[in-house]
Amino acid sequence: ANTLQINNQNYAPAVLDCAWRHIHARGLSQVYRQFAQLSSQMPTNNPEANGLLLFEKIKQPLLAILRDSPAFSIDQFSFQTPDGPATLSARLAYAGQQPDNFNPATDLEGHLSTQLPQSLVMQLLEARVRSDYLQLLEQLGHEMEEAQFQAAVNDGVGKRMKALIRQGVVQRRGDMFGAEL
């Protein structure tokens, strides 16, 4: 796309290339119709029980989709940030042999690769840490001065990033951070 405008910031050029393999429109349509019909009939007082009941009702059409060994991939998602290019690719596929005994832990195969500017990752991580700390302070009924709070956030960001790098989840590549899962 020549323009990808978000909050007065242009992130173009942007590219999205994705593919659905072995996923047939007829099967998806059947799942969607049953889901829409059933979800409108569910009482709202117990969402967790409703979710289990809903899944049980649409299980057979979902299993029919799995019999075709479906796969979804984002071959390329890239855009330009103020700090540099960002890229992502991902793939999720059903690799099981018995759809009737579907187990997400063993029957799904996936891959994710991403590369983002270090400054963008740090901004996202800081926002997450800040949110977590604010929630914790609210739960505990505590208050903190802004300078002290910012110091705690900075410390938390540093510790989380070091842990992610040490665990191999994130790799530093110059002024970029990458991840392969």
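The coordinates are above.
Residues numbered from 1 in each chain as written. Predicted model: local features only at pLDDT ≥ 70, side-chain atom pairs only at ≥ 80, totals over all residues. Heavy atoms only, no water.

*Asks:* I would appreciate a short explanation of the packing of aromatic side chains in the present structure.
*Replies:* On inspection of all chains with the given rule, the structure shows four aromatic pairs. The interplanar angle of 80° and the centroid separation of 6.2 Å between the aromatic rings of Y11 and F79 together place this pair among those described as edge-to-face. Here Y11 is found in the loop between β2 (9-10) and β3 (15-21), whereas its partner F79 is found in strand β4 (residues 71-81), with 68 residues between them in sequence. Classification of F79 as buried rests on a relative accessible area of 19%. Between F77 and F79 the ring centres are 5.3 Å apart and the planes differ by 45°, which places this aromatic pair in the tilted class. Judged by relative accessible area, F77 falls into the partly exposed class, the value being 30%. (Phe/Tyr/Trp six-rings, centres within 6.5 Å; stacked < 30°, edge-to-face > 60°. Helix = DSSP H or I, 4+ residues; strand = E, 2+ residues; numbered from the N terminus. Buried < 20%, exposed > 50% of the residue type's maximum accessible area, 1.4 Å probe, protein only.)

*Asks:* Even after reading the chapter, I still don't get the pattern of salt bridges, so can you show me in this structure?
*Replies:* Side-chain pairs of opposite charge can arise whenever the charged atoms involved come near each other. In total, this model carries seven salt bridges according to the counting rule given. Among the ionic pairs, D100 bridges to R67, the shortest N-O distance being 2.8 Å. In this pair, D100 is assigned in the loop between β5 (84-94) and α3 (104-107) and R67 in the loop between α2 (47-66) and β4, connecting sequence segments 33 residues apart. Residue R67 is classed as partly exposed on the basis of its relative accessible area, which comes to 45%. Put simply, E126, R130 and E146 are held in one network by salt bridges that share partners. (Salt bridge = Lys/Arg side-chain N within 4 Å of Asp/Glu carboxyl O.)

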